[in-house]
Amino acid sequence: MEVIVLEGAADIGRIGADAVGALLARKPAAVLGLATGSSPLAIYDELATRCDAGLISFREARGFTLDEYVGLAADHPERYRTVIDQVFVSRVDFAPGAVQGPDGLAGDIPAACTAYEHAIHEAGGVDLQILGIGTDGHVAFNEPGSSLASRTRVKTLTRQTRIDNARFFGDDVESVPTHCLTQGLATIMEARHLVLVAMGRSKAEAVHQLVEGPVSALWPATILQHHPHVTVLLDDAAARRLQLIDYYRETYRSKPTWQGI
Ligand code: GLP
C-alpha cells in the first residue's frame, strides 16, 4: 500500500489524475471504477480540465460506478447515477452508454446485482478503481460487518452513514434512504489498481485502521491491505493518526522517478 500525504485537494487531484492519465495513455479502452462522494471531486475536476485541454480522452474508455441508493426516483438529484453524471461523466468525452451503475430502481434487486457483476466481468474487469472511505471505514457502501468476500448486493445503511450523508438531503437524516446497492468488497478487490482518497479530520481514525489496523469486518476498508496495488492519497488532517507517518513521507520523498504510481 502506498500512502501519499499531500498538501490538499489540488495536489490530490493532480496525483489522482496522473494515475488515470498514465493508464489511459497505455490503455485507451481502460475500464474505470468511479466513486461518488466529495473525496474524488478534485480528481474529477482535474480530469475534466485535462480533457478540455485535449491532454486526455475517455472516448474509448468505460466506467462502472460503485453503489446506488435503493428507491430514489430517477429524477432525484442525489441519485448517485445523477451525481456522477453531473460531477464527472458529462464533463468529459465518454461515449454514450459507456458508464454504468447498479440499478437502485430494479424490480428484481438480486437479479440486478448479478447482472452488474456480469457486466463488470464482461468488460474485462476494472483497471483503476477510485475510492473514498466513510468515517466508519466503509468503502462503497460496504458497512462495518460486511463480508470481506462480498459481491454486489443490497445493504442496509448504518445510522452513522445516514447522518454523514444527511448533508445532501437538506440535513434531514430521515430523508436519506435506508438501503443501497453496492459492489462487494471482493468485487472491489478484483480491480487492478485501487486509488483511495481521504481528506479531513473526520476520516483520520478510518484511515489509521485502513493502513495500520488489523484486517477486520469492523473496518471494511482494511481488506485493502490484501491488495497488491493500492495508492492512498491523504491530506494532513486525514493522515494525522497514522503511526508511521514519517516513514510514509520519507518513502514518497525518496521514491525513484521510474516507479510510477
Ligand atoms: C458514501 C459513499 C462512498 C464514499 C463515502 C465517503 O457513503 N457511498 O462511496 O466513499 O460516502 O464520502 P465522502 O467522500 O463525501 O466523504
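The structure we're discussing is the one just above.
Residues numbered from 1 in each chain as written. Predicted model: local features only at pLDDT ≥ 70, side-chain atom pairs only at ≥ 80, totals over all residues. Heavy atoms only, no water.

Undergrad: Give me the lowdown on the sheet that holds strand β5 (residues 99–100), citing residues and values where you can.
TA: Strand order in this open sheet of seven strands is β1-β10-β9-β6-β2-β3-β5, and the pairing throughout is parallel. Across the chains shown, the open sheet's two edge strands, defined by having one partner strand only, are β1 (2–6) and β5. In the sheet, strand β3 (residues 62–65) pairs with β5 via two bridges, with the strands oriented parallel. Across the sheet, residue glycine 63 finds its bridge partner in β5, namely valine 99. Its contacts with the sheet put helix α1 (residues 9–26) on β1, β2 (31–34), β6 (128–131), β9 (193–198) and β10 (230–235), and the angle it makes with β10 is roughly 160°. (Pairing = 2+ DSSP bridges. Helix = DSSP H or I, 4+ residues; strand = E, 2+ residues; numbered from the N terminus. Contact = heavy atoms within 4.5 Å. Axes fitted to C-alpha atoms, helices over the stretch in contact; angles between N-to-C directions.)

Undergrad: Break down helix α2 (residues 41–52) for me, with residues and values.
TA: An ideal rise of 1.5 Å per residue puts 16 Å on 12 residues; α2 measures up with 16 Å between its terminal C-alpha atoms. Buried-residue contacts for α2 involve α1, β2, α3 (80–87), β6 and β9. Phi for glycine 54, located one or two positions after α2, is positive at around 75°. (Expected span 1.5 Å × (residues − 1).)

Undergrad: I'd like to hear about the site of the ligand, residue by residue, with values.
TA: In the region of the ligand, 13 residues are neighbours, and Ser38, Ser39, Asp67, Phe141 and Lys203 sit closest. Between arginine 167 and the ligand, the recorded distance is 3.1 Å, taken from a side-chain N or O atom to an oxygen atom. One of the side-chain nitrogen or oxygen atoms of lysine 203 is found 2.6 Å away from an oxygen atom of the ligand. Its free accessible area being 390 Å², the ligand has 95% of it covered by the protein chains. Its residues assigned to classes, the shell around the ligand shows four nonpolar, six polar and three charged. (Near = heavy atom within 4 Å. Polar contact = N/O pair within 3.5 Å; in protein donor to acceptor, adjacent residues only side chain to side chain. Areas by Shrake-Rupley, 256 points an atom, 1.4 Å probe, with all protein chains shown as cover. Nonpolar A, V, L, I, M, F, W, Y, C, P; charged D, E, K, R; others polar.)

Undergrad: Now, about the sheet that holds strand β8 (residues 179–182): what can you tell me, with residues and values included?
TA: Pairing is antiparallel across the open sheet formed by three strands, whose spatial order is β4-β8-β7. One side of each edge strand has no neighbouring strand; the edge strands of this open sheet are β4 (67–69) and β7 (153–156). For this sheet, the mean inter-axis angle between neighbouring strands, taken without regard to orientation, is 30°. The pairing of β4 with β8 spans three bridges and is classified as antiparallel. By the bridge assignment for β8, tyrosine 69 is matched with cysteine 180.

Undergrad: Can you tell me about the packing of aromatic side chains, naming the residues and giving the values?
TA: Per the counting criterion, the structure on display carries 10 aromatic pairs. Relative to phenylalanine 94, the ring of phenylalanine 58 has its centre 5.1 Å away and its plane inclined at 45°; by these criteria the two rings are tilted. Note that phenylalanine 58 is positioned in the loop between α2 and β3 and phenylalanine 94 in the loop between α3 and β5, a separation of 36 residues in sequence. Its relative accessible area of 0% is what places phenylalanine 58 among the buried residues. Judged by relative accessible area, which is 11%, phenylalanine 94 ranks as buried. An angle of 70° between the planes, with centres 5.8 Å apart, marks the rings of phenylalanine 64 and tyrosine 116 as edge-to-face. (Phe/Tyr/Trp six-rings, centres within 6.5 Å; stacked < 30°, edge-to-face > 60°. Buried < 20%, exposed > 50% of the residue type's maximum accessible area, 1.4 Å probe, protein only.)

Undergrad: So, the pattern of salt bridges: which residues are in play, and what are the values?
TA: Scanning the entire structure with this criterion turns up 16 salt bridges. Salt-bridge contacts for arginine 249 lead to aspartate 236; the nearest nitrogen and oxygen are separated by 2.9 Å. In this pair, arginine 249 is assigned in helix α9 (residues 245–253) and aspartate 236 in helix α8 (residues 236–239), connecting sequence segments 13 residues apart. Given the relative accessible area of 38%, aspartate 236 is considered partly exposed. Across the salt bridge formed by arginine 253 and glutamate 250, the nearest N and O atoms sit 3.1 Å from each other. Of this pair, arginine 253 and glutamate 250 both sit in helix α9, three residues apart, which is roughly one turn of that helix. On the accessibility criterion, glutamate 250 (40% relative accessible area) is partly exposed. Through salt bridges with shared partners, one network takes in Asp18, Glu46 and Arg50. (Salt bridge = Lys/Arg side-chain N within 4 Å of Asp/Glu carboxyl O.)

Undergrad: Tell me about the side chain of glutamate 143, residues and numbers included.
TA: The residue glutamate 143 is located in the loop between β6 and β7 in this model. There is no salt bridge for the buried glutamate 143, and the closest opposite charge comes from lysine 155, which lies 7.8 Å off by N-O distance. Side-chain polar atoms of glutamate 143 contact the side chain of histidine 138, separated by 3.0 Å. There is a polar contact of 2.7 Å between the side chain of glutamate 143 and the side chain of threonine 161. In this structure, glutamate 143 is in contact with Asp136, His138, Lys155, Thr156, Leu157, Thr158, Thr161 and Pro220, ignoring residues within four places of it in sequence. (Lys, Arg positive; Asp, Glu negative; His and termini not counted.)

Undergrad: Can you break down the packing of α1 against α2 residue by residue, with the values?
TA: Two numbers describe how α1 lies on α2: the axes approach to 7 Å, and their chain directions differ by 60°. On the basis of the axis angle, α1 is oblique to α2. Pair α1 / α2 crosses with right-handed handedness. The segment α1 lies against α2, with Ala9, Ile12, Gly13, Arg14, Gly16, Ala17, Asp18 and Val20 engaging Ala42, Ile43, Glu46, Leu47 and Arg50. When its residues are assigned to classes, the contact of α1 with α2 shows seven nonpolar, two polar and four charged. (Parallel < 35°, antiparallel > 145°, perpendicular 65-115°, else oblique. Left-handed = near helix turned anticlockwise from the far one by under 90°.)

Honestly, that's just the spatial picture; any functional story needs more than this.
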